[in-house]
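# Working through the structure, step by step
Okay, here's what each chain looks like letter by letter:
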Amino acid sequence: MRLELRSVTAGYDSAAPAVRDASLALDPGEAVGLLGPSGCGKSTLARVAALLHRPEAGTVLFDGTPVTGWRHRAPRALRTAVGVVFQQPRLSADPRLTLADLIAEPLRATGRRDGIPDRLGDLVPLVGLTPDLLPRRPHEVSDGQLQRACLARALVLGPRLLICDEMTAMLDASTTAALVGAVESYRATSGATLLAVGHDPVLLHRWCDRVVPWTGVTAPAR
Ligand code: ADP
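Quick summary incoming for the structure in this document. (Residues numbered from 1 in each chain as written. Predicted model: local features only at pLDDT ≥ 70, side-chain atom pairs only at ≥ 80, totals over all residues. Heavy atoms only, no water.)

## A closer look at the sheet that holds strand E2 (residues 19-26)
Spelled out, the test is: Pairing between strands requires that DSSP locate at least two bridges from one strand to the other. Each helix is a run of H or I in the DSSP string that is no shorter than four residues. Each strand is a run of E no shorter than two, and both are numbered from the N terminus. Residues count as neighbours in contact if any of their non-hydrogen atoms are within 4.5 Å of one another. For every element, the axis is a line fit to its C-alpha atoms; helices are fit only across the contacting stretch, and the angle between N-to-C directions ranges from 0 to 180 degrees.
Sheet architecture is open: four strands sit in the order E2-E1-E4-E5, paired in antiparallel fashion. Bordering the open sheet on either side are E2 and strand E5 (65-66), each of which pairs with just one other strand. With five bridges connecting them, strand E1 (residues 3-10) and strand E4 (residues 57-62) associate as antiparallel partners. Residue pairing across strands places Leu5 opposite Val60, the latter belonging to E4. Strands in contact with helix H1 (residues 42-49) are E1, E2 and E4; relative to E1, the strand with the most contacts, it is inclined by about 125°.

Right, here's the structure in full:
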């Protein structure tokens, strides 16, 4: 899927916009790293691209078609075409769900219960989880194990665009390598586009086809 952000301005109520006039385009199947220091607005822009945060101005286009609704107003076909993984799995995972239910929840929500065993069978080994972890709840697993489940959940509907927002910032080197490897295996078979947001130039250059510094995305504030 092609993703294009044109002159996006976005922020939070009273404060000055976190993102000002930002533009970025990803070709179908391309892996692009968005590199910048903490606080520069990368997550805000990632959330706009993931249809989770409505911009104040600008246009987001998927395959050339402008997006008109965010959050619950986003069309279901678009919401299911985009997978997102955030930095902190404990903030994005419902603590009451087992890992199996967490991963399968998007299938249940879209009426595809029948596909659950097959998808779990594919994704659990892909992200490096083992079946014995699936009945556990988030407080019974490590951050790395929970992030593996969050990645599986982001992949469960077969997204054509994957957005990883500091996905490995809290994790050790071997878990980071495993998660990046799982994303790349998924992309090799699906042709999905990747936007990887982060602050680590070594990781992003190793992972992505192209790395865009934040200064190349947004005009400095005047
Ligand atoms: P980055 O991902 O580059 O660290 P963010 O997009 O998270 O940057 O943050 C950009 C700016 O927006 C920061 O100044 C931050 O304090 C502010 N911000 C982020 N989230 C919120 C929020 N929910 N409410 C108010 N301000 C926020």
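## Re helix H4 (residues 99-109)
For clarity, the threshold we go by: Relative accessibility decides the category of a residue: with a 1.4 Å probe and only protein chains considered, values under 20% of the type maximum give buried, values over 50% give exposed, and everything between is partly exposed.
Turning to H4, its buried residues number three or more, namely Leu99, Ala100, Leu102, Ile103, Ala104, Pro106 and Leu107. Contact partners of the buried residues in H4: helix H5 (116-126) and helix H6 (143-155). Where H4 ends, the next residue or the one after it, Gly111, has phi of about 70°, a positive value.

## A few points about the environment of Leu102
Looking at the element boundaries, Leu102 is found in helix H4. Note: C-alpha distance between Leu102 and Asp172 (70 residues apart in sequence) is 23 Å. With sequence-adjacent residues up to four places away left out, Leu102 is seen in contact with Ala93, Asp94, Leu97, Leu146, Ala149 and Arg153.

## So, the pairing of strand E8 (residues 193-198)
Most of E8 sits out of view: six of its six residues are buried. With burial as the criterion, each face of E8 is covered, one bearing Thr193, Leu195 and Val197 and the other bearing Leu194, Ala196 and Gly198. By the bridge criterion, five bridges tie strand E3 (residues 31-35) to E8 in an arrangement that is parallel. Bridged to Gly33 within E8 is Ala196. Where strand E7 (residues 161-165) and E8 come together, five bridges link them in parallel fashion. Across the sheet, Cys164 pairs through a bridge with Ala196, a residue of E8.

## Focus on the environment of Asp143
Of note, Asp143 is situated in helix H6. Here the alpha-carbon distance between Asp143 and Leu26, two residues 117 residues apart in the chain, equals 30 Å. Leaving out residues up to four positions away in the same chain, Asp143 has contacts with Pro89, Arg90, Met170 and Leu171.

## Comments concerning the site of the ligand
Threshold: If a single non-hydrogen atom of a residue is within 4 Å of a molecule or strand, that residue counts as near it. In protein, a polar contact requires one atom able to donate a hydrogen and another able to accept it; more generally it is a pair of N or O atoms within 3.5 Å, and residues adjacent in sequence count only if both atoms are side-chain atoms. Asp, Glu, Lys and Arg are counted as charged, while Ala, Val, Leu, Ile, Met, Phe, Trp, Tyr, Cys and Pro are counted as nonpolar; the rest, among them Gly, fall into the polar class.
Around the ligand sit Tyr12, Ala18, Pro37, Ser38, Gly39, Cys40, Gly41, Lys42, Ser43 and Thr44, and those are all the residues in its vicinity. With respect to the ligand, the side chain of Thr44 contributes an N or O atom lying 2.5 Å from an oxygen atom. Tallied by class, the residues present in the shell around the ligand amount to four nonpolar, five polar and one charged.

## With respect to the sheet that holds E3
Pairing in this open sheet of five strands is parallel, and the strands run E6-E7-E8-E3-E9 from one edge to the other. Two strands in the sheet have a free side with no partner beyond their single neighbour: strand E6 (82-85) and strand E9 (210-213). In this sheet, neighbouring strand axes are inclined to one another by 15° on average, regardless of whether the strands run parallel or antiparallel. Bridging between E3 and E9 involves four bridges; their strand directions are parallel. Across the sheet, Val32 pairs through a bridge with Arg210, a residue of E9. Against the sheet, H1 makes contact with E3, E7 and E8, and its axis sits at roughly 155° relative to E7, the strand it touches most. Its contacts with the sheet put H6 on E6 and E7, and the angle it makes with E6 is roughly 170°.

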